[in-house]
Amino acid sequence: MIKALTLKEYVKKNDKELAGLIVKMAGIAERISQELPYRRGKADTKNVFGEKQLVADKWADKFIIKELDKSGLVKEMVSEEQEDVVKLNDKALFSITLDPLDGSSNIESNNLVGTIFGIYKKDLPAKGRHQVGALYILYGPVMTLVYATRNGVNEFLHTRKGFVLKEKNIKLPKQGKLYGVGGLRKDWLPGFRKYIKGLETEGYKLRYGGAFVGDFNQILHYGGIFAYPALSTKPNGKLRLLAESNPMSFIIKQAGGASTNGAGSILDIEPESINQRVPTYVGNKGLIKNLEKIL
Ligand code: AHG
Ligand code: MN
Ligand code: MN
(Lines give C-alpha, C1' and ligand atoms only; values in the text may rest on other atoms or scores of the structure.)
(Ligands and ions follow the chains in the order given, each with its own letter.)
Protein backbone atom coordinates (compact mmCIF):
# COMPACT_ATOMS: atom_id res chain seq x y z
CA MET A 1 0.00 0.00 0.00
CA ILE A 2 1.30 3.47 -0.85
CA LYS A 3 1.71 5.70 2.20
CA ALA A 4 -0.85 8.53 2.18
CA LEU A 5 0.67 12.00 2.11
CA THR A 6 0.19 14.12 5.20
CA LEU A 7 -1.58 17.46 4.81
CA LYS A 8 1.72 19.22 5.45
CA GLU A 9 3.53 17.27 2.74
CA TYR A 10 0.65 17.78 0.31
CA VAL A 11 0.26 21.54 0.69
CA LYS A 12 4.01 22.16 0.63
CA LYS A 13 4.17 20.37 -2.69
CA ASN A 14 0.97 21.66 -4.31
CA ASP A 15 -0.05 24.97 -2.71
CA LYS A 16 3.17 26.29 -1.29
CA GLU A 17 2.12 29.88 -0.74
CA LEU A 18 -0.77 28.83 1.51
CA ALA A 19 1.04 25.94 3.21
CA GLY A 20 1.84 27.70 6.51
CA LEU A 21 -1.69 29.03 6.86
CA ILE A 22 -3.45 25.77 6.00
CA VAL A 23 -1.25 23.75 8.36
CA LYS A 24 -2.02 26.30 11.09
CA MET A 25 -5.78 25.99 10.43
CA ALA A 26 -5.49 22.21 10.65
CA GLY A 27 -3.78 22.52 14.04
CA ILE A 28 -6.54 24.85 15.22
CA ALA A 29 -9.16 22.29 14.12
CA GLU A 30 -7.46 19.49 16.06
CA ARG A 31 -7.55 21.60 19.19
CA ILE A 32 -11.21 22.60 18.71
CA SER A 33 -12.18 18.98 18.23
CA GLN A 34 -10.48 18.07 21.54
CA GLU A 35 -12.09 20.99 23.38
CA LEU A 36 -15.71 20.66 22.20
CA PRO A 37 -16.69 18.18 24.97
CA TYR A 38 -15.62 20.77 27.57
CA ARG A 39 -17.22 23.84 25.95
CA ARG A 40 -20.92 23.07 26.10
CA GLY A 41 -24.02 25.08 27.01
CA LYS A 42 -25.47 28.51 26.34
CA ALA A 43 -23.55 31.78 26.69
CA ASP A 44 -26.46 34.18 27.46
CA THR A 45 -25.22 36.64 24.82
CA LYS A 46 -26.21 37.44 21.23
CA ASN A 47 -23.99 38.00 18.20
CA VAL A 48 -24.30 40.91 15.74
CA PHE A 49 -27.01 38.96 13.86
CA GLY A 50 -29.11 38.81 17.03
CA GLU A 51 -28.55 35.05 17.32
CA LYS A 52 -28.05 33.47 20.73
CA GLN A 53 -24.45 32.40 21.19
CA LEU A 54 -23.21 29.19 22.74
CA VAL A 55 -20.15 28.84 24.95
CA ALA A 56 -18.52 26.93 22.07
CA ASP A 57 -19.24 29.70 19.49
CA LYS A 58 -17.54 32.31 21.62
CA TRP A 59 -14.67 30.14 22.76
CA ALA A 60 -13.85 28.93 19.22
CA ASP A 61 -14.01 32.48 17.86
CA LYS A 62 -11.57 33.82 20.45
CA PHE A 63 -9.30 30.80 20.16
CA ILE A 64 -9.05 30.95 16.36
CA ILE A 65 -8.41 34.71 16.30
CA LYS A 66 -5.74 34.35 19.01
CA GLU A 67 -4.00 31.48 17.20
CA LEU A 68 -4.04 33.21 13.82
CA ASP A 69 -2.73 36.34 15.48
CA LYS A 70 0.16 34.38 17.02
CA SER A 71 0.98 32.87 13.61
CA GLY A 72 1.79 36.33 12.25
CA LEU A 73 0.36 35.21 8.89
CA VAL A 74 -2.89 37.17 8.96
CA LYS A 75 -3.44 40.87 8.35
CA GLU A 76 -7.15 41.07 9.23
CA MET A 77 -10.20 38.94 9.85
CA VAL A 78 -13.96 39.08 9.49
CA SER A 79 -15.72 36.70 11.86
CA GLU A 80 -19.40 35.86 12.11
CA GLU A 81 -19.11 36.46 15.85
CA GLN A 82 -17.45 39.91 15.57
CA GLU A 83 -19.06 43.22 14.73
CA ASP A 84 -16.06 44.80 12.98
CA VAL A 85 -13.01 43.78 10.99
CA VAL A 86 -10.37 42.45 13.43
CA LYS A 87 -6.93 43.86 12.65
CA LEU A 88 -3.93 41.57 13.27
CA ASN A 89 -0.45 41.76 11.72
CA ASP A 90 -0.36 44.75 9.38
CA LYS A 91 2.63 43.32 7.47
CA ALA A 92 1.00 39.96 6.79
CA LEU A 93 -0.20 38.81 3.36
CA PHE A 94 -3.55 37.16 4.12
CA SER A 95 -7.01 38.30 5.15
CA ILE A 96 -9.37 35.67 6.54
CA THR A 97 -13.13 35.28 6.88
CA LEU A 98 -14.35 32.97 9.60
CA ASP A 99 -17.37 31.02 10.78
CA PRO A 100 -15.80 29.61 13.96
CA LEU A 101 -18.52 27.01 14.46
CA ASP A 102 -21.01 26.42 11.72
CA GLY A 103 -24.14 24.52 12.67
CA SER A 104 -23.60 25.14 16.36
CA SER A 105 -27.28 24.47 17.08
CA ASN A 106 -26.33 20.86 16.25
CA ILE A 107 -23.96 20.64 19.22
CA GLU A 108 -26.60 19.62 21.74
CA SER A 109 -27.90 16.78 19.56
CA ASN A 110 -24.40 15.75 18.40
CA ASN A 111 -25.11 16.29 14.72
CA LEU A 112 -22.55 17.76 12.33
CA VAL A 113 -20.66 20.92 13.20
CA GLY A 114 -17.74 22.53 11.38
CA THR A 115 -15.52 25.56 10.85
CA ILE A 116 -15.30 27.63 7.65
CA PHE A 117 -12.43 29.84 6.44
CA GLY A 118 -12.12 32.06 3.36
CA ILE A 119 -8.62 33.23 2.37
CA TYR A 120 -7.80 36.48 0.54
CA LYS A 121 -4.72 38.53 -0.31
CA LYS A 122 -6.83 41.70 -0.20
CA ASP A 123 -8.38 43.93 2.42
CA LEU A 124 -11.89 42.97 3.52
CA PRO A 125 -14.65 43.11 2.56
CA ALA A 126 -13.93 41.91 -0.97
CA LYS A 127 -15.78 39.93 -3.62
CA GLY A 128 -15.64 36.16 -3.14
CA ARG A 129 -13.99 35.88 -6.54
CA HIS A 130 -10.85 37.38 -4.99
CA GLN A 131 -10.38 34.43 -2.65
CA VAL A 132 -7.13 32.57 -3.13
CA GLY A 133 -8.36 29.65 -1.08
CA ALA A 134 -11.15 28.36 1.14
CA LEU A 135 -11.26 25.61 3.72
CA TYR A 136 -13.70 23.84 5.98
CA ILE A 137 -13.48 21.27 8.71
CA LEU A 138 -16.15 18.78 9.74
CA TYR A 139 -15.75 17.55 13.32
CA GLY A 140 -17.58 14.24 13.11
CA PRO A 141 -18.13 11.26 12.96
CA VAL A 142 -14.55 11.40 11.70
CA MET A 143 -12.78 14.74 11.36
CA THR A 144 -12.17 15.83 7.76
CA LEU A 145 -10.65 18.93 6.24
CA VAL A 146 -11.46 20.12 2.72
CA TYR A 147 -9.50 22.91 1.13
CA ALA A 148 -9.62 24.47 -2.31
CA THR A 149 -7.30 26.72 -4.26
CA ARG A 150 -7.29 27.42 -7.99
CA ASN A 151 -5.31 24.14 -8.23
CA GLY A 152 -8.33 22.10 -7.10
CA VAL A 153 -10.24 20.72 -4.13
CA ASN A 154 -8.63 18.24 -1.75
CA GLU A 155 -9.89 16.31 1.26
CA PHE A 156 -7.94 15.06 4.27
CA LEU A 157 -8.92 12.59 6.97
CA HIS A 158 -7.80 13.00 10.56
CA THR A 159 -5.98 9.88 11.76
CA ARG A 160 -3.43 8.91 14.43
CA LYS A 161 -0.87 10.41 12.05
CA GLY A 162 -2.75 13.72 11.86
CA PHE A 163 -4.49 14.81 8.63
CA VAL A 164 -3.67 12.55 5.66
CA LEU A 165 -4.79 12.85 2.05
CA LYS A 166 -8.15 11.16 1.43
CA GLU A 167 -8.91 12.43 -2.07
CA LYS A 168 -7.28 14.99 -4.34
CA ASN A 169 -8.77 17.11 -7.07
CA ILE A 170 -12.38 16.33 -6.12
CA LYS A 171 -15.02 16.97 -8.78
CA LEU A 172 -18.77 16.99 -8.15
CA PRO A 173 -20.36 13.72 -9.27
CA LYS A 174 -22.84 14.44 -12.07
CA GLN A 175 -25.40 11.75 -11.26
CA GLY A 176 -26.15 12.72 -7.66
CA LYS A 177 -29.80 13.18 -6.79
CA LEU A 178 -29.76 14.86 -3.40
CA TYR A 179 -31.12 18.18 -2.28
CA GLY A 180 -31.05 20.00 1.05
CA VAL A 181 -32.93 23.20 1.87
CA GLY A 182 -32.83 25.36 5.00
CA GLY A 183 -35.65 27.56 6.32
CA LEU A 184 -39.37 26.96 6.57
CA ARG A 185 -41.08 25.47 3.53
CA LYS A 186 -44.16 27.68 4.08
CA ASP A 187 -41.93 30.75 3.47
CA TRP A 188 -40.52 29.59 0.09
CA LEU A 189 -41.16 31.89 -2.87
CA PRO A 190 -43.28 30.53 -5.78
CA GLY A 191 -40.36 30.04 -8.24
CA PHE A 192 -38.32 28.10 -5.73
CA ARG A 193 -41.33 26.00 -4.74
CA LYS A 194 -41.83 25.06 -8.38
CA TYR A 195 -38.15 24.23 -8.81
CA ILE A 196 -38.05 21.87 -5.80
CA LYS A 197 -41.29 20.22 -6.91
CA GLY A 198 -39.56 19.53 -10.24
CA LEU A 199 -36.56 17.95 -8.49
CA GLU A 200 -38.80 15.77 -6.35
CA THR A 201 -40.67 14.59 -9.45
CA GLU A 202 -37.31 13.61 -10.95
CA GLY A 203 -36.56 11.48 -7.88
CA TYR A 204 -34.31 13.83 -5.94
CA LYS A 205 -34.14 12.91 -2.27
CA LEU A 206 -34.17 15.39 0.61
CA ARG A 207 -31.27 15.23 3.06
CA TYR A 208 -30.91 18.17 5.39
CA GLY A 209 -28.74 18.21 8.49
CA GLY A 210 -28.86 21.84 9.65
CA ALA A 211 -25.15 22.61 9.26
CA PHE A 212 -24.06 24.22 6.02
CA VAL A 213 -20.70 22.41 6.21
CA GLY A 214 -22.36 19.00 6.50
CA ASP A 215 -25.08 19.64 3.94
CA PHE A 216 -22.49 21.04 1.54
CA ASN A 217 -20.10 18.15 2.11
CA GLN A 218 -22.67 15.59 1.00
CA ILE A 219 -23.31 17.54 -2.22
CA LEU A 220 -19.57 17.66 -2.85
CA HIS A 221 -19.38 13.89 -2.51
CA TYR A 222 -22.66 12.73 -4.04
CA GLY A 223 -23.79 15.64 -6.25
CA GLY A 224 -27.03 17.64 -6.13
CA ILE A 225 -27.99 21.02 -4.71
CA PHE A 226 -28.02 22.76 -1.34
CA ALA A 227 -29.97 25.96 -0.71
CA TYR A 228 -30.71 28.38 2.04
CA PRO A 229 -33.10 30.31 -0.20
CA ALA A 230 -34.65 33.74 -0.20
CA LEU A 231 -37.77 33.45 1.97
CA SER A 232 -40.92 35.58 2.19
CA THR A 233 -39.91 36.35 5.77
CA LYS A 234 -36.14 36.68 5.06
CA PRO A 235 -35.56 37.99 1.51
CA ASN A 236 -31.79 37.52 1.91
CA GLY A 237 -32.03 34.07 3.45
CA LYS A 238 -29.85 33.33 6.46
CA LEU A 239 -26.33 32.55 5.39
CA ARG A 240 -23.60 35.14 5.67
CA LEU A 241 -21.97 36.23 2.39
CA LEU A 242 -18.44 36.64 3.77
CA ALA A 243 -18.21 34.00 6.48
CA GLU A 244 -20.25 31.21 4.89
CA SER A 245 -21.47 31.57 1.31
CA ASN A 246 -18.32 32.88 -0.37
CA PRO A 247 -15.92 30.19 0.87
CA MET A 248 -18.35 27.40 -0.06
CA SER A 249 -19.07 29.04 -3.44
CA PHE A 250 -15.33 29.15 -4.13
CA ILE A 251 -14.96 25.45 -3.25
CA ILE A 252 -17.95 24.34 -5.36
CA LYS A 253 -16.61 26.28 -8.34
CA GLN A 254 -13.19 24.64 -8.12
CA ALA A 255 -15.00 21.28 -7.93
CA GLY A 256 -16.75 22.00 -11.24
CA GLY A 257 -20.05 23.18 -9.75
CA ALA A 258 -21.61 26.62 -9.35
CA SER A 259 -23.25 29.00 -6.91
CA THR A 260 -25.97 31.60 -7.31
CA ASN A 261 -27.95 34.11 -5.29
CA GLY A 262 -30.75 33.59 -7.79
CA ALA A 263 -29.41 36.04 -10.37
CA GLY A 264 -25.72 35.22 -10.76
CA SER A 265 -22.66 33.73 -9.09
CA ILE A 266 -22.33 34.56 -5.40
CA LEU A 267 -18.62 35.12 -6.04
CA ASP A 268 -19.46 38.25 -8.07
CA ILE A 269 -21.39 40.07 -5.34
CA GLU A 270 -19.74 43.28 -4.19
CA PRO A 271 -20.23 43.24 -0.41
CA GLU A 272 -21.89 46.31 1.06
CA SER A 273 -21.23 45.29 4.63
CA ILE A 274 -19.23 42.59 6.40
CA ASN A 275 -22.40 41.22 7.95
CA GLN A 276 -24.50 40.90 4.81
CA ARG A 277 -26.67 37.84 4.24
CA VAL A 278 -27.30 36.29 0.83
CA PRO A 279 -29.77 33.77 -0.62
CA THR A 280 -27.47 30.80 -1.25
CA TYR A 281 -27.81 28.01 -3.79
CA VAL A 282 -24.81 25.75 -4.52
CA GLY A 283 -24.47 22.54 -6.51
CA ASN A 284 -24.04 20.98 -9.92
CA LYS A 285 -23.82 23.50 -12.76
CA GLY A 286 -26.89 22.28 -14.66
CA LEU A 287 -29.06 22.43 -11.55
CA ILE A 288 -27.94 25.98 -10.76
CA LYS A 289 -28.54 27.08 -14.35
CA ASN A 290 -32.12 25.69 -14.34
CA LEU A 291 -32.80 27.29 -10.99
CA GLU A 292 -31.68 30.70 -12.24
CA LYS A 293 -34.07 30.33 -15.20
CA ILE A 294 -37.04 29.57 -12.94
CA LEU A 295 -36.22 32.31 -10.42
P1 AHG B 1 -24.27 29.05 12.47
O2 AHG B 1 -24.33 27.83 13.35
O3 AHG B 1 -22.87 29.42 12.09
O4 AHG B 1 -25.09 30.20 12.98
O5 AHG B 1 -24.88 28.68 11.03
C6 AHG B 1 -26.08 28.01 10.95
C7 AHG B 1 -26.58 28.06 9.54
C8 AHG B 1 -26.10 26.94 8.64
O9 AHG B 1 -25.12 26.14 9.13
C10 AHG B 1 -27.32 26.12 8.35
O11 AHG B 1 -27.37 25.85 7.01
C12 AHG B 1 -28.45 26.97 8.81
O13 AHG B 1 -27.96 27.95 9.65
C14 AHG B 1 -29.49 26.22 9.57
O15 AHG B 1 -30.57 27.06 9.81
P16 AHG B 1 -32.02 26.53 10.22
O17 AHG B 1 -31.85 26.16 11.66
O18 AHG B 1 -32.86 27.73 9.99
O19 AHG B 1 -32.37 25.35 9.35
MN1 MN C 1 -22.66 29.10 10.06
MN1 MN D 1 -21.26 30.01 13.40
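Residues numbered from 1 in each chain as written. Chains lettered and ligands numbered in written order. Predicted model: local features only at pLDDT ≥ 70, side-chain atom pairs only at ≥ 80, totals over all residues. Heavy atoms only, no water.

## Observations regarding the coordination of the manganese ion (ligand 2)
Point 1. For the manganese ion (ligand 2), the full set of protein donor atoms is Asp99 (OD), Asp102 (OD) and Glu244 (OE), at a range of 1.8 to 2.1 Å.
Point 2. Donor residues binding the manganese ion (ligand 2) come from one chain and are separated in sequence as D-x2-D-x141-E.
Point 3. Separating the manganese ion (ligand 2) and the manganese ion (ligand 3) is a distance of 3.7 Å, and Asp99 donates to both of them. (Donors = N, O, S within 2.8 Å, 3.2 Å for Na, K, Ca; no water.)

## A closer look at the domain arrangement of the protein chain
Interfaces are frequently sized by the accessible area removed from exposure as the parts join.
Point 1. Each assigned domain of the protein chain is listed with its residue range as follows: domain 1 (7–167) and domain 2 (178–294).
Point 2. If you look at the interface, domain 1 gives 44 residues, while domain 2 gives 32 residues.
Point 3. For the pairing of domain 1 and domain 2, the buried interface totals around 3,000 Å² over both sides, and the portion due to carbon and sulfur atoms is 60%.
Point 4. Three residues, Phe49, Arg129 and Tyr136, lead the burial of domain 1 against domain 2; their summed loss comes to 21% of the area buried on that side.
Point 5. In this structure, Glu51 engages Arg277 in a salt bridge whose closest nitrogen and oxygen atoms are separated by 3.8 Å.
Point 6. One can count 12 residue pairs in polar contact (both at pLDDT 80 or more) joining domain 1 with domain 2. (Domains from an automatic or database assignment. Contact = heavy atoms within 4.5 Å. Buried area = accessible area lost by both parts, 1.4 Å probe. Salt bridge = Lys/Arg side-chain N within 4 Å of Asp/Glu carboxyl O. Polar contact = N/O pair within 3.5 Å; in protein donor to acceptor, adjacent residues only side chain to side chain.)

## Section: the sheet that holds strand 8 (residues 144–149)
Point 1. With respect to topology, 8 strands assemble into an open sheet ordered 4-3-5-6-7-8-9-10, the strand pairing being mixed. Of all the strands in the sheet, the pair left with one neighbour each is strand 4 (86–87) and strand 10 (162–167).
Point 2. Here strand 3 (residues 74–79) runs beside strand 4; their pairing, made up of 2 bridges, is antiparallel. By the bridge assignment, Met77 is partnered in strand 4 with Val86. (Pairing = 2+ DSSP bridges. Helix = DSSP H or I, 4+ residues; strand = E, 2+ residues; numbered from the N terminus.)

## What about the sheet that holds strand 11 (residues 178–181)?
Point 1. Overall, mixed pairing links the 5 strands, which are arranged 12-11-13-15-14 in an open sheet. The sheet is open, and its two borders are formed by strand 12 (205–206) and strand 14 (258–260), each paired with just one other strand.
Point 2. Pairing analysis gives 4 bridges linking strand 11 to strand 13 (residues 224–228), with the strands arranged parallel. For Gly180, the partnering residue across the bridge sits in strand 13 and is Phe226.
Point 3. Against the sheet, helix 6 (residues 241–254) engages strand 14 and strand 15 (280–283), with an angle of about 20° to strand 15. (Axes fitted to C-alpha atoms, helices over the stretch in contact; angles between N-to-C directions.)

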